[in-house]
Amino acid sequence: MTQVYEHGGGVRSIQVPIPDNPLGHTLVYVVDTDRGPVLIDTGWDDPASWDTLADGLAGCGTSPTEIHGVVITHHHPDHHGLSGKVRDASGAWIAMHEADGAIVRRTRETRPERWFAYMTAKLMAAGAPEDHIAPLRTVRRRTLPGFAPALPDREIVPGELLDLAGRRLRAIWTPGHTPGHVCLHLEEEHPAQLPGHGRLFSGDHLLPKITPHIGLYEDPDDATVTDPLGDYLDSLERIGRLAPAEVLPAHQYVFTDAAARVEELLTHHEERLTDLRSLLAEPLTPWQLAERMEWNRPWAQIPYGSRNIAVSEAEAHLRRLVKLGRAEAVAGSDPVTYVAV
C-alpha cells in the first residue's frame, strides 16, 4: 500500500520506492499552491515507482496530470528520475540549480563509450587494480540506463523565492552531495506552531540518521580541482544557522533540531578526516585508502559499482586533507599516492 503522510499546511509526502537499493524509498513532497500542486523531487524512473507516485497523488486528491511544477533538489535519479514523465503527463515545468542542470546536459550529450573511457582513466589514476578496470574496457558499446534525464525548464536561483503562487519557498544552495544541490526553505509559520524558522526540504543534504555520499562530479574538459567535502561542510553550517522548526528530508523521516544534527555531522566528518590522516602514515593511492576506510560493510562485500562511488568519496576526502595542509601528494608517484604531513 502506498504510504502518504500529511505534514499540515498544504504539504504531504509520498514514499516512492527505489528498486534494489538499501535506502528503500524517496520521500516526494506534494506542496499545494494557488496554481496547483508542485512536487519536490519525483523518484526513480521505474514502472513500479511511477505507479506508486500516481497512487500517492490520488491519495493526496490529485494526479500526475494536474501537477503544476517540479522542483528538483539535485540531479540524482532517485530524485529527478520521474520528472520527465510528470512533465509529459501534465505539462509541468521542471526547476533545477544550474550546476546540476549542466551535469544533466553533459550526461545527455555523452556517448556511453566516452563515459567508459573517462571512468577507466579515472580509476587507473586512482590506482584501481586491473581486474576492476577490465570490465569497463569490454562493455563500452552497452547502452547505459539514466543517460537521458529530463532537461530542466527553469533555473533555481540561490537566495530567491521560487515562483509558487501563494507560498514562500526560498532556495538555499547547499553544494557537496552534488554541485547544484539545493535545500528549500518554506518561510511560513509551522502548522503545529513548533519553535524555529519555518520548514526545510533538505533533499539529501541533511538526513536524520545517515550521511550523504560526497564524491566528484567533474567535467572531463574542465581542469578545475574542486573541494566537494569543503563545500558540504560550509553548506551544513549555513543550514545550522537557519534553525528551521522542522526538517523534511528526501529519505528516512521528518525530524526537528537541525542544528544538533548539523553538529553531529560536522563532528563525524572531522573524526573521519582524522582517521584517514592516520591511515596515510604510509603513502596510499585513493583506491588503497578506500579499501582501508570504514564503510557500512567490509570492502570484500561492497558491490562493483559501489566501489567506484567509494573511491570517489576517498578522493573527495583526500582533496580536503590536502587543502587543510594535513596531507600531500607524493612527488613522482604513478599512480599518485598521498601521505600525511
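So, a few notes on the structure that sits alongside this text. Please read these numbers as outputs of a predicted model, since none were measured by experiment.

Turning our eyes to something else, we now look at the side chain of His 251. Locating His 251 in the fold gives a position in the loop between strand E11 (246-249) and helix H8 (258-279). Reaching out from His 251, the side chain makes a polar contact with the backbone oxygen of His 25 at a distance of 2.8 Å. A distance of 3.0 Å separates a polar atom in the side chain of His 251 from a polar atom in the side chain of Asp 204. Setting aside anything within four residues of it in sequence, one finds His 251 in contact with Ile 18, Leu 23, His 25, Thr 26, Leu 27, Asp 78, His 79, Asp 204, Leu 207 and Pro 208.

If you want to describe how two helices pack, look at the angle between their axes and the distance between the axes. Direction vectors running N to C along helix H7 (residues 228-242) and H8 enclose 155°, while the axes themselves pass 9 Å from each other. Put simply, H7 runs roughly antiparallel to H8. The handedness of the crossing between H7 and H8 comes out as left-handed. Facing H7, whose interface residues are Leu 229, Tyr 232, Leu 233, Leu 236, Glu 237 and Gly 240, H8 presents Ala 259, Val 262, Leu 265, Leu 266, His 269 and Leu 273.

Next up on the list: the environment of Asp 32. Mapping Asp 32 onto the fold places it in the loop between strand E3 (25-31) and strand E4 (38-40). Residues Asp 32 and Ala 281, spaced 249 residues apart in sequence, show a C-alpha to C-alpha distance of 55 Å. Residues contacting Asp 32, with those up to four places away along its chain left out, are Gly 10, Arg 12 and Arg 167. A distance of 3.3 Å separates polar atoms of two side chains, one belonging to Asp 32 and the other to Arg 12.

Given 3.6 residues per turn, any residue in an α-helix points the same way as the ones three and four places further on. Here helix H1 (residues 47-59) is 13 residues long and its end C-alpha atoms lie 18 Å apart, about the 18 Å a rise of 1.5 Å per residue gives. Along H1, the residues that are buried comprise Ser 49, Thr 52, Leu 53, Gly 56 and Leu 57. Taken around the axis of H1, the buried residues stretch over an arc of 135°, which confines them to a single face. Of the residues in H1, the exposed ones pointing more than 90 degrees away from the buried face are Pro 47 and Ala 58.

Right, let's get into H7. The end-to-end C-alpha distance of H7 is 21 Å, a good match for the 21 Å that 15 residues give at a rise of 1.5 Å each. The set of residues buried in H7 consists of Pro 228, Leu 229, Gly 230, Tyr 232, Leu 233, Ser 235, Leu 236, Ile 239 and Gly 240. The elements touched by buried residues of H7 are strand E8 (169-173), strand E9 (182-186), strand E10 (199-203), H8 and helix H10 (304-323). Positioned one or two residues after H7, Ala 243 has a phi angle of 50°, which is positive.

Moving on to the packing of H8 against H10. Remark: H8 packs on H10, axes separated minimally by 10 Å, with the N-to-C direction vectors making an angle of 90°. The orientation of H8 relative to H10 falls into the category roughly perpendicular. Seen from H8, the contacting residues are His 269, Arg 272, Leu 273, Leu 276 and Arg 277; seen from H10, they are Glu 313, His 317, Arg 320 and Leu 321.

Within this structure, the stated rule accounts for 3 aromatic pairs. Judged by centre distance (5.2 Å) and plane angle (75°), the ring pair of Trp 115 and Phe 116 falls under edge-to-face. Under the relative-accessibility criterion, Trp 115 is labelled partly exposed at 31%. Ring centres of Trp 287 and Trp 299 lie 5.4 Å apart, and the angle between their planes is 85°; on these two criteria the pair is classed as edge-to-face. Separated by 12 residues along the polypeptide, Trp 287 in helix H9 (residues 286-292) and Trp 299 in the loop between H9 and H10 bring together distant segments of the chain. Take Trp 287: its relative accessible area is 3%, and that puts it in the buried class. According to the relative accessible area criterion, Trp 299 is buried, its value standing at 13%. Directly above the aromatic system of Trp 295 lies the positively charged group of Arg 272, at a separation of 4.9 Å from the ring centroid.

Procedures and definitions
Residues numbered from 1 in each chain as written. Predicted model: local features only at pLDDT ≥ 70, side-chain atom pairs only at ≥ 80, totals over all residues. Heavy atoms only, no water. Helix = DSSP H or I, 4+ residues; strand = E, 2+ residues; numbered from the N terminus. Polar contact = N/O pair within 3.5 Å; in protein donor to acceptor, adjacent residues only side chain to side chain. Contact = heavy atoms within 4.5 Å. Axes fitted to C-alpha atoms, helices over the stretch in contact; angles between N-to-C directions. Parallel < 35°, antiparallel > 145°, perpendicular 65-115°, else oblique. Left-handed = near helix turned anticlockwise from the far one by under 90°. Expected span 1.5 Å × (residues − 1). Buried < 20%, exposed > 50% of the residue type's maximum accessible area, 1.4 Å probe, protein only. Arc of directions from axis to C-beta. Phe/Tyr/Trp six-rings, centres within 6.5 Å; stacked < 30°, edge-to-face > 60°. Lys NZ or Arg CZ within 6 Å of the ring centre and 35° of its normal.

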